[in-house]
Amino acid sequence: MATFISRMPCSYILLLFLLFADIMLFRRVASFGINYGQVANNLPTPDKVLELLGTLKITRTRIYDTNPEILKAFANSEIEIIVTVENQILSQLNDPQQALQWVSNNIKPYLPDTKITGIQVGNEVYTDENPTMFQYLVPAVINIQNALSQLSISSNIQVSSPSSLAVLQESYPPSAGTFKNEITETMTQFLSFLSKTNSPFWINAYPFFAYKDNPNEIPLDYVLFNPSGGMVDPNTKLHYDNMLYAQVDAVAFAIAKLGFNDIEIRVSETGWPSKGDSDEAGATVQNAATYNRNLFRRQMENEGTPLKPRMRLEAYLFALFNEDLKPGPTSERNYGLFQPDESMAYNVGLSAFATTSNPSTSISLTSSATHNKATPPKKYQSLFCCLFVYLLTSTLCGFV
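For the protein chain, an unreviewed UniProt entry supplies the name glucan endo-1,3-beta-D-glucosidase and the organism Arachis hypogaea. According to the UniProt record, the Sequence similarities (unreviewed entry) comment for the protein chain is "Belongs to the glycosyl hydrolase 17 family." Turning to the protein chain, the UniProt annotation filed under Catalytic activity (unreviewed entry) states: "Hydrolysis of (1->3)-beta-D-glucosidic linkages in (1->3)-beta-D-glucans."

1. Re the packing of aromatic side chains
By the definition in use, this model includes 17 aromatic pairs. On the basis of an interplanar angle of 85 degrees and a centroid distance of 6.3 Å, the ring pair of Tyr64 and Phe318 is categorised as edge-to-face. With a gap of 254 residues between them, Tyr64 in the loop between β2 (60–62) and α4 (68–73) and Phe318 in the loop between β13 (315–317) and α12 (365–368) connect regions that are remote in the sequence. Every member of this aromatic cluster is reached through a ring pair, and the members are Tyr64, Tyr206, Phe208, Phe209, Tyr211, Phe225, Tyr245, Trp272, Tyr291, Phe318 and Tyr335.

2. Let's talk about empty space enclosed by the protein
Applying the stated criterion to the full structure yields three cavities of 30 Å³ or more. In this structure, the largest cavity occupies an estimated 90 Å³ of space. Considering the residues around the largest cavity, the lining is formed by Val248, Asp249, Ala252, Ile265, Thr305, Lys308, Met311, Arg312 and Leu313. It is helix α10 (residues 243–257) that contributes the most residues to the lining of the largest cavity, three residues altogether. Taken together, the residues of the lining of the largest cavity break down into five nonpolar, one polar and three charged.

3. Thoughts on the pairing of strand β3 (residues 80–85)
The buried fraction of β3 amounts to five of the six residues, a majority that puts the element mostly inside the structure. Taken together, the three bridges between β2 and β3 define a ladder with parallel strand orientation. By the bridge assignment for β3, Arg62 is matched with Ile82. Crossover connection from β2 via α4 to parallel β3: handedness right-handed. Two strands pair when backbone bridges link them, and β3 and strand β4 (residues 115–121) are joined in this way by six bridges, in the parallel orientation. Residue pairing for β4: Val83 is matched across the bridge by Ile119.

4. A word on α10
Here α10 contains 15 residues, and its C-alpha end-to-end distance of 21 Å stays within 8% of the 21 Å for a straight helix at 1.5 Å per residue. Counting buried residues in α10 gives 13 out of 15 residues, a clear majority hidden from the surface. Between the side-chain oxygen of the N-cap and the backbone nitrogen of Leu244 there are 3.2 Å, and the N-cap of α10 in question is Asn242. Positioned one or two residues after α10, Gly259 has a phi angle of 95 degrees, which is positive.

5. Overview of the packing of helix α6 (residues 137–150) against helix α7 (residues 184–197)
With their axes 9 Å apart at the nearest point, α6 and α7 run at an angle of 20 degrees to one another. Taken together, α6 and α7 sit at an angle that is classed as roughly parallel. Of the two possible hands of crossing, α6 and α7 adopt the one that is left-handed. Each of Leu137, Val138, Val141, Ile142 and Gln145 in α6 lies in contact with α7, whose residues at this interface are Thr186, Gln189, Phe190, Phe193 and Thr197. Considered class by class, the residues forming the contact of α6 with α7 number six nonpolar, four polar and no charged.

6. Let's talk about the layout of surface pockets
Size it by volume and the largest pocket reaches roughly 1400 Å³. At the level of secondary structure, the elements contributing two or more residues to the lining of the largest pocket comprise β3, α8 (207–213) and α10. Counting residues per element, the lining of the largest pocket draws most heavily on α8, which supplies four residues. In terms of residue class, the lining of the largest pocket is built from 22 nonpolar, 15 polar and 12 charged.

7. Notes on helix α5 (residues 96–106)
If you check which residues of α5 are buried, you get Ala99, Leu100, Trp102, Val103 and Asn106. Axial view of α5: buried residues confined to an arc of 160 degrees, hence all on one face. Buried residues belonging to α5 abut α4, β3, β4 and α6. Capping of α5 at its N-terminal end is provided by Asp95; its side-chain oxygen lies 3.0 Å from the backbone amide nitrogen of Gln97.

Calculation rules
Residues numbered from 1 in each chain as written. Predicted model: local features only at pLDDT ≥ 70, side-chain atom pairs only at ≥ 80, totals over all residues. Heavy atoms only, no water. UniProt positions renumbered as here; feature names shortened; annotations may be inferred. Phe/Tyr/Trp six-rings, centres within 6.5 Å; stacked < 30°, edge-to-face > 60°. Helix = DSSP H or I, 4+ residues; strand = E, 2+ residues; numbered from the N terminus. 1 Å grid on protein atoms, 1.4 Å probe; cavity = no way out; pocket = protein on both sides within 12 Å on 5 of 7 lines; lining within 4 Å. Points joined across faces, edges and corners; volume = space filled by probe spheres on them. Nonpolar A, V, L, I, M, F, W, Y, C, P; charged D, E, K, R; others polar. Buried < 20%, exposed > 50% of the residue type's maximum accessible area, 1.4 Å probe, protein only. Pairing = 2+ DSSP bridges. Right-handed = clockwise from strand over helix to strand, strands pointing away. Expected span 1.5 Å × (residues − 1). Polar contact = N/O pair within 3.5 Å; in protein donor to acceptor, adjacent residues only side chain to side chain. Axes fitted to C-alpha atoms, helices over the stretch in contact; angles between N-to-C directions. Parallel < 35°, antiparallel > 145°, perpendicular 65-115°, else oblique. Left-handed = near helix turned anticlockwise from the far one by under 90°. Contact = heavy atoms within 4.5 Å. Arc of directions from axis to C-beta.

Written as structure tokens, this is what we have:
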């Protein structure tokens, strides 16, 4: 083999390497997701957002409604989109006919041109401030699923609902993870639905909140994915080098304690704000860049958690843009990777996947975006694979 490699023309070796690198790049970037929030009055139009995602080679996104302008703009692109049922209409979906009408009006008209891959029924339906809404969740997801089946469009759409960590009674150490007693019955029914439909359990997990509330006790490196001593769960002896994975495994233990071991856990939201109020410790540009860059790197490495190391943890970053109309503290309006004018709030390394018209410019997302739909990675991946096999076969035949 060494003799064969030494005889291979350098140009062939280089070309084979570059083709293989492109195959790996497209395969890896395609798995990265980002949340596209719209609580703002100054965001780019959906077609511009599509160009931005295409420039960055991001092919998965989630929106917090069923905005028809977005769903139409994303048609005939490679973007896989998860849509959301607004919390305020959950109670209406307890009526099967209302659920059927909702799917008929908000999902069916856009298929198959728009790649709708998931429906999130509500967002953080259970909260300490409003625990009563949780009672509507199970009937709503069942009725939405039945409506999809009735309309023969259920095969490629998963139905679920993202929860916050407020659903947990205990989360530390991860092995102590348990759901709150008052929601155990409903949560068991919800998990049964997910198990039967092979849908994931989505969790919104923000290590920033834990650090903000206790910055003197929680090491910053631990929450930012930086090298640190981490923590060892005293019951399982599993070592955690970052808080996000510990939070996810706490959810996994809580699910297992209700008798479910076959449900995949995915992170529907995680991120770090680049600006905050004086009492929001850690909300800086540097920390936001570090957290999101490290998260992105781990996503590209297909990591799993210590409890399930062989199952890649799928995560959606929050968020694509800063949103100027979000209520609450300053941090709520500053989770975006980008400003509304499409300039970067800070660099997390995504510019490596963008192209620029000027080689001396590191990234110019506005000028580099084309007027075409997002580039379809799968088509190019197939082309690269064919070229790779052809060149390798030709070279082998030439030296046999």
